[in-house]
Amino acid sequence: MKVEEYLNKIADEKGTVHLTLIDPASQSPEEGGDIAYEAACGGTDAIMVGGSTGAGGTVLDRTIVEIKKRTSIPVILFPANVDGISPHADAIFFMSLLNSRDVNFITTSQMIGAPIVYKYNIETISMAYLIVEPGGTVGWVGDARLIPKNKPELAVAYSLAGKYMGMHYTYLEAGSGADRPITPEMIGATKHALGDHNKLIVGGGIRTVEDARECARAGADMIVTGTVVEETGDVRTKVEELITAIRE
Ligand code: 1GP
């Protein structure tokens, strides 16, 4: 089964998908493999691998190899740039940062990376990537014109634009380590506009079971947690708690 089909099936049948984000720049490849193993034991559905800076090349390849040694769930690339592509992954979020001011993040990096993805024969999952205030490091690196957190209509407009251009997924990103996740109002309005077939991913600042539950209830098809999984001393239990909350 294709990774996109697998994720959609979980979203449709169980309600909400949980994705664990591992930034190869944050720990050794072996430690990345350990986190993935514990997250998989806790029930996470897939591992995303990527980061804004220092997350490409050998460190990316080695991290994915370690994750694949320890788990059998899909590994999906979440690239900040062309160096975020690896032949070891199962799929790639082939994304365009629609609200960037810099054409490099909208189409140029995609053009440079596409022949590499083709050569490696990695499954592509098309995605409109939208960065909302506060935006964090990725907002700065991606030169995003941040969507104000109290302007859900702007997120809706961008999401519809992505959908009409043929993107299957929309990702509302508050930035890794954001003080608060995307608001339920913005999640709800965006999901309503996208409809059932286009899936909505929400990430950035989701730390507690209450945050996760609120995002899921508001309409997120998938939630991403990175920082909280990296920082906890008990990855398995944390992931179990988050998943219980999003599937209540
Ligand atoms: C970042 O949305 C992801 O791209 C995850 O954010 O690290 O805050 O969980 P956190």
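The rules behind these values
- Note on numbering: residues in each chain are counted from 1, in written sequence order.
- Restriction of local features to residues with pLDDT of at least 70 applies here, the model being predicted, together with a cutoff of 80 or more for giving and counting side-chain atom pairs; totals for whole chains, interfaces and linings are based on all residues.
- Hydrogen atoms and water are omitted, and side-chain values are computed over all heavy atoms in the structure.
- For the purposes of this entry, the term helix denotes a DSSP run of H or I that reaches at least four residues, the term strand denotes a run of E that reaches at least two, and both are numbered from the N terminus.
- Here the radius of gyration uses the C-alpha set of atoms, whereas the globule reference equals 2.2 Å times the residue count to the power 0.38.
- The rule is simple: take the accessible area with a 1.4 Å probe, protein chains only, and divide by the maximum for that residue type; under 20% is buried, over 50% is exposed, in between is partly exposed.
- Contacts are assigned to residue pairs with any non-hydrogen atoms lying within 4.5 Å of each other.
- For accessible areas, the Shrake-Rupley method is used with a probe of radius 1.4 Å. Any residue's cover is judged against the shown protein chains and nothing else.
- A residue counts as positive if it is Lys or Arg and as negative if it is Asp or Glu; His and the chain ends are not included.
- Taken as the charge location is NZ of Lys, CZ of Arg, CG of Asp or CD of Glu.
- UniProt positions are given in the numbering used here, feature names are shortened, and annotations may be inferred rather than shown by experiment.
- For this analysis, a polar contact is any N or O atom pair within 3.5 Å, provided that within protein one partner can donate a hydrogen and the other can accept it, and provided that sequence-adjacent residues contribute only side-chain to side-chain pairs.
- For this analysis, a nonpolar core means a set of buried residues of the types Ala, Val, Leu, Ile, Met, Phe, Trp, Tyr and Cys, connected via side-chain atoms within 4.5 Å.
- Whether a residue is near a molecule or strand depends on its heavy atoms: it is near if one of them lies within 4 Å of it.
- Residue polarity is assigned by list, with Asp, Glu, Lys and Arg as charged and Ala, Val, Leu, Ile, Met, Phe, Trp, Tyr, Cys and Pro as nonpolar; anything else, Gly included, falls into the polar class.
- A pair of strands is labelled paired if DSSP reports no fewer than 2 bridges between them.
- Fitted lines through C-alpha atoms serve as axes, helices being fitted only where they are in contact, and the angles separating the N-to-C directions of these axes extend from 0 to 180 degrees.
- An angle below 35 degrees is read as roughly parallel, one above 145 as roughly antiparallel, one from 65 to 115 as roughly perpendicular, and any other as oblique.
- A clockwise turn of the near helix away from the far one marks a right-handed crossing, whereas an anticlockwise turn of less than a right angle marks a left-handed crossing.
- For Phe, Tyr and Trp, where Trp contributes only its six-membered ring, two rings pair if their centres lie within 6.5 Å, and the inter-plane angle classes them as stacked under 30 degrees, edge-to-face over 60, or tilted in between.

Attention shifts here to the overall build of the protein chain. In terms of regular secondary structure, the protein chain is built from 10 helices and 8 strands. A compact globule built from 248 residues would reach a C-alpha radius of gyration of about 18 Å, and the protein chain, at 16 Å, matches this within 12%. Relative to its 248 residues, the protein chain shows a buried fraction of 53%. Taking the intrachain contacts of the protein chain between residues at least 6 apart in sequence as the baseline, contacts between residues at least 24 apart amount to 73%. For the protein chain, the accessible area works out to roughly 10,700 Å², and carbon and sulfur atoms hold 52% of it. Put simply, the protein chain has 22 plus and 33 minus side-chain charges, and the middle of one group is 3 Å from the middle of the other.

Before going further, it helps to examine the UniProt feature "binding site: Mg(2+)" (unreviewed entry) in the protein chain. UniProt's feature table lists "binding site: Mg(2+)" (unreviewed entry) at Asp 23 and Ser 52, given in the numbering used throughout. Across 30 residues of sequence, these annotated residues stay compact in space, with a maximum C-alpha separation of 8.5 Å. Along the chain, the position of Asp 23 falls in the loop between β1 (17–22) and α2 (29–42). Judged by relative accessible area, Asp 23 falls into the buried class, the value being 17%. At a separation of 2.9 Å, a polar atom in the side chain of Asp 23 contacts the main-chain amide nitrogen of Ala 25. Among the secondary structure elements, Ser 52 is positioned in the loop between β2 (46–49) and α3 (57–70). Aside from chain neighbours lying at most four places away, what touches Ser 52 is Ala 80, Thr 137, Val 138 and Val 141.

Below, the discussion takes up the nonpolar core. Counting residues in hydrophobic clusters, the biggest one holds 47 residues, and the most contacted among them are Leu 77, Leu 172, Ile 182, Ile 187 and Val 202. The residues touching Leu 172, leaving out its near neighbours within four places in the chain, are Leu 130, Val 132, Ala 155, Ile 182, Met 186, Ile 187, Thr 190, Leu 200, Ile 201, Val 202 and Gly 203. Core analysis: the second largest hydrophobic core is formed by 27 residues, Leu 21, Ile 125, Val 138 and Met 222 among them.

Quick look at the site of the ligand now. Taken together, Leu 21, Phe 78, Tyr 171, Glu 173, Ser 176, Gly 177, Gly 203, Gly 204, Gly 205, Thr 225, Gly 226 and Thr 227 form the complete shell of residues around the ligand. Backbone polar atom of Gly 205 to an oxygen atom of the ligand: 2.8 Å apart, as the coordinates give it. Each residue belonging to the shell around the ligand can be placed in one class, and the counts come to 3 nonpolar, 8 polar and 1 charged.

Cross-referencing UniProt, the feature "binding site: sn-glycerol 1-phosphate" (unreviewed entry) maps to Tyr 171, Leu 172, Glu 173, Ala 174, Gly 175, Ser 176, Gly 177, Gly 204, Gly 205, Gly 226 and Thr 227 in the present numbering. On the secondary structure map, Gly 204 appears in the loop between β7 (199–203) and α8 (209–218). Once you skip the residues sitting within four places of it in the chain, Gly 204 turns out to touch Glu 173, Ala 174, Gly 175, Ala 178, Arg 180, Pro 181, Ile 182 and Val 224. Positionally, Gly 226 belongs in the loop between β8 (222–225) and α9 (227–231).

All right, on to the sheet that holds β2 then. Read around the closed barrel, the 8 strands follow the order β1-β2-β3-β4-β5-β6-β7-β8; overall the barrel is parallel. Averaged over all pairs of adjacent strands, the angle between their axes in this sheet comes to 30 degrees, without regard to strand direction. Pairing analysis gives 4 bridges linking β1 to β2, with the strands arranged parallel. Its bridge partner being in β2, Leu 19 is matched across the sheet by Ala 46.

Bringing the packing of α2 against helix α10 (residues 235–246) into the picture now. Axis separation between α2 and α10 bottoms out at 7 Å; the angle between their running directions is 40 degrees. Accordingly, the angle class assigned to the pair α2 and α10 is oblique. Pair α2 / α10 crosses with right-handed handedness. Across the interface between the two elements, Ile 35, Tyr 37, Glu 38, Ala 39, Cys 41 and Gly 42 from α2 touch Val 235, Arg 236, Val 239, Glu 240 and Ile 243 from α10. The residue makeup of the contact of α2 with α10, split by class, is 7 nonpolar, 1 polar and 3 charged.

Each aromatic ring pair is specified by the distance between its two centres and by the angle formed by the two planes. A complete count under the given rule lists 4 aromatic pairs for this structure. Seen in terms of ring centroids, Phe 78 and Tyr 129 are 5.7 Å apart; in terms of plane orientation they differ by 90 degrees. Their pairing is edge-to-face. Placement of Phe 78 in the loop between β3 (75–77) and β4 (91–97) and of Tyr 129 in strand β5 (residues 123–131) is noted, with a sequence separation of 51 residues between them. Of the two residues, Phe 78 and Tyr 129, both sit in the buried class. Centroid distance Tyr 129 to Tyr 171: 5.2 Å. Interplanar angle 85 degrees. Geometry classified as edge-to-face. You can see Tyr 129 sitting in strand β5 and its partner Tyr 171 sitting in strand β6 (residues 169–173), a full 42 residues away along the chain. Using a relative accessible area of 4% as the deciding quantity, one classes Tyr 129 as buried. Given the relative accessible area of 1%, Tyr 171 is considered buried. Each member of the aromatic cluster is reached from another via a ring pair, and the members are Phe 78, Tyr 129 and Tyr 171.

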